[in-house]
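Fold and contact review
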Amino acid sequence: MIESTRSYLDQSPEVQARFAKIRSRDKILQVRHLSKSFKTPQGQIEALRDVSFDVHRREFVCIVGASGCGKSTLARILAGLDVQTQGEMLLDGQPVTGPGHDRGMVFQGYSLFPWLTVKHNVMFGPRMSGQGRGEAESRAREWLALVGLEKFADAYPHQLSGGMRQRVAIARALANQPRILLMDEPFGALDAQTRARMQTHLLDIWRNVDVTVVFITHDLDEAIYLADRILVLKPHPGRVQEFIEVPVPRPRSLAQWSGEEFRATKQRLEASIDPERPTQAADDEPTAEHLPMIRMTDVHDSVE
Amino acid sequence: MEQASVEPGPAVAVRAKAWRWPRPSRASLMTLGSFLLPLLVWCAVSYVPFIWHPKVAVEAPGGVDYFQPGMLVDRDEYAQQVEAMRAQHLAPPQGHPANPIYLPAPHEVARALFTAFTTAPEQRDAPWLHESLWHSIQVIFWGFVISSLIGVPLGIAAGHFTTVGRLTEPFNEFFRYLPAPAFGALAVAVLGIYDGPKIAIIVIGTFFQQVLIVANTTRKLEATLVEASRTLGAKGWSLIAHVVVPGILPDLYRDQRVLLGWAWTYLIVAELIGTSSGITFFITQQARYQHFENVYAAIIIIGVIGFGSDLLLGRLGRWLFPWDRSRDGR
């Protein structure tokens, strides 16, 4: 990649104005000194240590970090599926515990209920909160139309492709009208083309729905393409490395991927996540240079 | 895994495919073969005179005093008598190789399969074969229903709630090793000599396995589904009713099919307890009169009913659970 001469801190006036606008909005989510440790047969493991950050209303925040930085644990705590050891989170200024309607979640794996049709999957949340069948159904149709799947309302999840299933999962989470949409590597299992389409699609949805997105990913390009701000976590234990503003202007397009701001941001993220490849033993993947190499094929049968 | 496609085509195609009648394939030929092979062995043993046939059926006694036409004697004894008659210059006996009476030939059993339903029982007040069968089916049915009514909910609770699981499973593990027939005498003392103790044996034999198997199936439900439903607001009873139960239903159905087969295996022992009844009564009665072809016929009928009902339930399962991707070939 060509070295970018720009800094990720250089923001065009429009981008500066946009961030000023974001900062002027209420803080919808405040995470205060969050820590989490697990007890395992190997002993106590500290997954998160003193994580604090704020998210403004209708902001798109991505959380990135090397494997083991606890980003999925953080998402699970935010969703209320895990309980933090210390610290608290405030939603609209109120402390929250346990799962709730105010936080929707989209998982990486296919979390759709296989025994329900697409429509009934989307109706699940509203039905659980006591909405009538008719109302829930008409609402479900609207959400399905939003993700472009109204034609598949009566199909079963196993009849859909991977990308379509994740669109249903998004519609299902949004049908509950959450304040925050948590997404834990939702496009990780998709092929590259589908993933790119889903990213654009997600931005379209986010633009049209009053929702704040907290998006977990390990794909830096994805994070830069989607996010207003990127929270970088460092591993062992998971701590906040930095919280950077993405200088790429909106609306975003795939053409920006080779742009100056994009490359500068990516360089910054790469340096931030992987400062000269730390030799921490906890990262048990050997680096490419040090892989033991044994020739398993004929000496003359060379490919390079 | 799947192709990304926005066209409605694939979904429709998948649905149409699921309903197409299966054409005879290699697999179904193998299924047929798996039944034909044992039948072939049986035919060979029955119809090829030099395979086994340890007896000789006497056709004419010749000079042997105690031989009767139709009598089965050991091959060695027959040979001795032939030698003896030769030595005494008497007429040697005539006979052909035969199998023992307890191994009838396939055609005899086939005939018995038909006549068992059309001939009256030898004892005047004894039940007909179809009556015996119906009685057996009722015993199985009630045993299985009673076991399931308690076992399935308890299994789901044990699988879903760690506390219930820890509280019930060690005892279940212990109890399932106790052979159900061991409770026969006790069951008779408590429940009398008629159908009560028989049903009880089937319940005891099925229930403890059932709780453990259902609990295991419940635990295998994908955690993501439960978590997704919790983020959507499901909790407590509605979580069980709307997520856990429908989520495990296809597997639970499969478990129940296996357990029903299990219940059948307890039937014969159960029916020997107290007053012998049902198909077991028929079998013991026929064996007493040495009508072994009827015994085989009855055993085959049990197999056909068991296997047939399982096939039917399998088909029904496919129809009931169109979303189930892990369904087996049957």
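This structure is a prediction, so every number in the text was calculated from the model and none was measured.

**Topic: the packing of aromatic side chains**
- On inspection of all chains with the given rule, the structure shows 21 aromatic pairs over all chains.
- For the ring pair F141 of chain B and W142 of chain B, a centre distance of 5.1 Å and an interplane angle of 80° mean the geometry is edge-to-face.
- Owing to a relative accessible area of 44%, W142 of chain B belongs among the partly exposed residues under this scheme.
- In this structure, R172 of chain A packs its charged tip against the face of F113 of chain A, placed 4.7 Å from the ring centre.
- Taking NZ or CZ as reference, R229 of chain A lies 4.1 Å from the ring centre of F243 of chain A, over its face.

**Section: the interface of chain A and chain B**
- Contact residues are listed per partner, giving 38 residues for chain A and 29 residues for chain B.
- Buried area between chain A and chain B, both sides added, is near 2900 Å², and the carbon and sulfur share of it is 65%.
- Viewed at the interface, chain B and chain A are joined by one salt bridge.
- A salt bridge links E227 of chain B to R76 of chain A; the nearest nitrogen and oxygen atoms lie 2.7 Å apart.
- Linking chain A with chain B are three residue pairs in polar contact (both at pLDDT 80 or more), by the criterion used here.
- Mapped by element, the contributors of at least two residues to the side of chain A that touches chain B are α2 (71-79), β6 (103-106), α3 (118-128), α5 (162-175) and α6 (192-208) of chain A.
- Grouping the constituent residues of the side of chain A that touches chain B by class yields 18 nonpolar, eleven polar and nine charged.

**Quick word on unusual backbone geometry**
- In this structure, the amide linkage connecting H236 of chain A to the following residue, P237 of chain A, adopts the cis form with an omega of -15°.
- Tracing the backbone through its elements, the reader meets P237 of chain A in the loop between β9 (229-234) and β10 (239-245).
- The linkage connecting R250 of chain A with the following residue, P251 of chain A, adopts the cis geometry, with an omega of -5°.
- Here P251 of chain A is to be found in the loop between β10 and α8 (260-273).
- Phi at H236 of chain A is positive, roughly 55°, even though this residue is not glycine.
- Along the chain, H236 of chain A turns up in the loop between β9 and β10.
- A relative accessible area of 31% places H236 of chain A in the partly exposed class.
- In this structure, W52 of chain B takes a positive phi of about 60° despite not being glycine.

**Let's talk about the state of the cysteines**
- Taken as a whole and assessed by the stated rule, the structure comprises zero disulfides over all chains.
- A disulfide-free cysteine, C69 of chain A has its sulfur positioned 13 Å from the sulfur of C62 of chain A, the nearest such atom.

Rules and cut-offs
- All chains use their own residue numbering, which begins from 1 and follows the written sequence.
- Going through the entries in the order they are written, you letter the chains from A and number the ligands from 1.
- Residues qualify for local features only when their pLDDT is at least 70, as the model is predicted, and side-chain atom pairs are given and counted only at 80 or more; totals for whole chains, interfaces and linings, by contrast, use all residues.
- Hydrogens are left out, water is left out, and the side-chain values use all remaining heavy atoms of the structure.
- Pairing of aromatic rings covers Phe, Tyr and Trp, the last through its six-membered ring, and needs centres within 6.5 Å; plane angles under 30 degrees mean stacked, over 60 mean edge-to-face, and all others mean tilted.
- The cut-offs for exposure are 20% and 50% of the maximum accessible area for each residue type, with area from a 1.4 Å probe on protein chains only; residues under the lower value are buried, those over the upper are exposed, and the others partly exposed.
- A positively charged side chain is recorded as over a ring if its NZ (Lys) or CZ (Arg) lies within 6 Å of the ring centre. The angle to the ring normal must also be within 35 degrees.
- Contacts are assigned to residue pairs that have any heavy atoms within 4.5 Å of one another.
- In short, buried area is how much 1.4 Å probe accessible area vanishes from two parts on joining, totalled over both.
- Salt bridges, as used here, are contacts in which a Lys or Arg side-chain nitrogen is within 4 Å of a carboxyl oxygen on Asp or Glu.
- N or O atoms within 3.5 Å of each other form a polar contact, as long as, within protein, one can give a hydrogen and the other can take it, and as long as residues adjacent in sequence are counted only when both atoms are side-chain atoms.
- The numbering of helices and of strands both runs from the N terminus, where a helix is a DSSP run of H or I of at least 4 residues and a strand a run of E of at least 2.
- Amino acid classes used here: Ala, Val, Leu, Ile, Met, Phe, Trp, Tyr, Cys and Pro are nonpolar; Asp, Glu, Lys and Arg are charged; the rest, including Gly, are polar.
- Cysteine sulfur atoms that pair up within 2.5 Å are treated as a disulfide.

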